[in-house]
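Topology and contacts: notes
Residues per chain, in single letters:
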Amino acid sequence: MRTLDQTTGEVLDLAAAHFKVPREQLSPGDDFYRKLKIDSLQALELLSRLESHFGIELPDYEVQGVSDFRTLADRIQARL
Amino acid sequence: MNDFKGQTLSWKLDGGIVEVELHYAPCNEIGLAMLDDLERLVQALPELETQASALILYSSRKEGFSAGGDLRELYRLSLATEGQTRADGMRAFVERVHRVANMLDASPLTTIAAVHGICFGGGFELALTCDLIVADKMARFAFPELRLGIIPGFGGIPRLRRDVGNAVVRDLLFTGRSINAVKAQAVGLVSQVAAEGEALRLARSTAAQVLKYDRYTSAVCKKFAKPIPLEDLRREIELFCELFERPAVMEALRKFVGSTDAYPYLP
């Protein structure tokens, strides 16, 4: 079972790798829309990648209004 | 007409396969322009069906297969009319869409939707007219209509019910959430999941397999295996038109059109 910190780390790793942002520039409290420079369509793509990586389903309504990595990881953690 | 290039879509017949490319910016919204071209396609089908065994429907827009109905156009046209005239206009549009969808659904060709990116609302309904859906692993499917105070109106509910169980039908409709391609395959909506960017290639490979079989037998098999839920489709038109007349719908459309979000149709 992953800890929340581990899940957050994996979310940051995945986001950095896919959106080609240096990993060291990302922190758990960052607004991912701003930091990754993504729009809502790309956020949906991030959702698909997270679902695939963690092997879970993450309904859109559970991440509505979420914009920071830590809260996103928390929503994922609840489904692991 | 074996080849066609329109404002919203193009098609070409090659080696027994009709490939229909949706290319209407930003993401193949289905409004009057798309409907005109889809009507041209179904008018051409009888001739194409004498020379082909399979049809592939795909999008060349990077955003996805289709974002659904053209809500901006719908709002603009609805604002220009009111009362019974508005209701009649909406009904006429929906009736036209259903005629096209039913003809695609009933075509003796084996039809394959190659889906990537977003496949929402009316776009999802268009994909559901096809016999098979091959989806890019990053594709997402959703019916977000309830947030506008309407139900899917292009035949989505009866066709969804034809293909999958109630748990999925109600989850998609009542929550408006999107599901990914792997989930869509697990519940029976998608027949094959492709690697990123490979959905069209897999659809072509599937179509090539279809070509090996006798066309007449395939058509008989399709007619038996995939009956068209005509009674429910009629009922859906009535319900959709009834809901569309409520003032809450125009208000929801107004908010949608006024949104500054680049992709306001997203959940």
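Keep in mind it's a predicted model, so treat the numbers as computed, not measured. (Residues numbered from 1 in each chain as written. Chains lettered and ligands numbered in written order. Predicted model: local features only at pLDDT ≥ 70, side-chain atom pairs only at ≥ 80, totals over all residues.)

Examining the environment of Glu 49 of chain B
All names here are of chain B. Its place among the elements puts Glu 49 in helix H1 (residues 32-49). Glu 49 sits in the partly exposed class, given 16 other C-beta atoms within 10 Å. Note: C-alpha distance between Glu 49 and Gly 16 (33 residues apart in sequence) is 9.1 Å. In this structure, Glu 49 is in contact with Ser 107, Pro 108 and Leu 109, ignoring residues within four places of it in sequence. (Helix = DSSP H or I, 4+ residues; strand = E, 2+ residues; numbered from the N terminus. Buried ≥ 20, exposed ≤ 12 C-beta atoms within 10 Å, placed from the backbone. Contact = placed C-beta atoms within 7 Å.)

Details of the sheet that holds strand S7 (residues 118-120) of chain B
Residues and elements named next belong to chain B. With respect to topology, four strands assemble into an open sheet ordered S5-S7-S9-S10, the strand pairing being mixed. Edge positions in the sheet fall to strand S5 (64-66) and strand S10 (178-180), since each has one partner strand and no second. Pairs of neighbouring strands in the sheet enclose a mean axial angle of 20°, with direction left out of account. Where S5 meets S7, two bridges bridge the pair, whose relative direction is parallel. Each bridged residue has a counterpart across the sheet, and for Ser 66 the counterpart in S7 is Cys 119. Packed on one face of the sheet, helix H4 (residues 121-128) meets S5, S7 and strand S9 (140-142) and runs near 90° to S7. (Pairing = 2+ DSSP bridges. Axes fitted to C-alpha atoms, helices over the stretch in contact; angles between N-to-C directions.)

Details of the interface of chain B and chain A
One frequent convention defines the size of an interface as the accessible area lost when the parts assemble. Taken residue by residue, the interface counts 14 residues in chain B and 13 residues in chain A. Of the residues in the side of chain B that touches chain A, the class split is five nonpolar, three polar and six charged. (Nonpolar A, V, L, I, M, F, W, Y, C, P; charged D, E, K, R; others polar.)

As for the environment of Gly 122 of chain B
All names here are of chain B. Tracing the backbone shows Gly 122 in helix H4. The sequence separation of Gly 122 and Val 249 amounts to 127 residues, and the corresponding C-alpha distance is 17 Å. In this view, Gly 122 contacts Ile 30, Ser 66, Gly 68, Gly 69 and Phe 154; residues no more than four positions away in its chain are not counted.

A word on the sheet that holds strand S3 (residues 17-22) of chain B
Paired through their backbone hydrogen bonds, the strands of a sheet run either parallel or antiparallel. Residues and elements named next belong to chain B. A sheet is described by the order of its strands in space; here seven strands give the open sequence S1-S2-S3-S4-S6-S8-S11, paired in mixed fashion. Lying at the two open borders of the sheet, with one neighbouring strand each, are strand S1 (3-5) and strand S11 (192-194). On average, each strand axis in the sheet is inclined to that of its neighbour by 20°, with strand direction left out of account. Note: strand S6 (residues 110-115) against strand S8 (residues 132-136), four bridges, orientation parallel.

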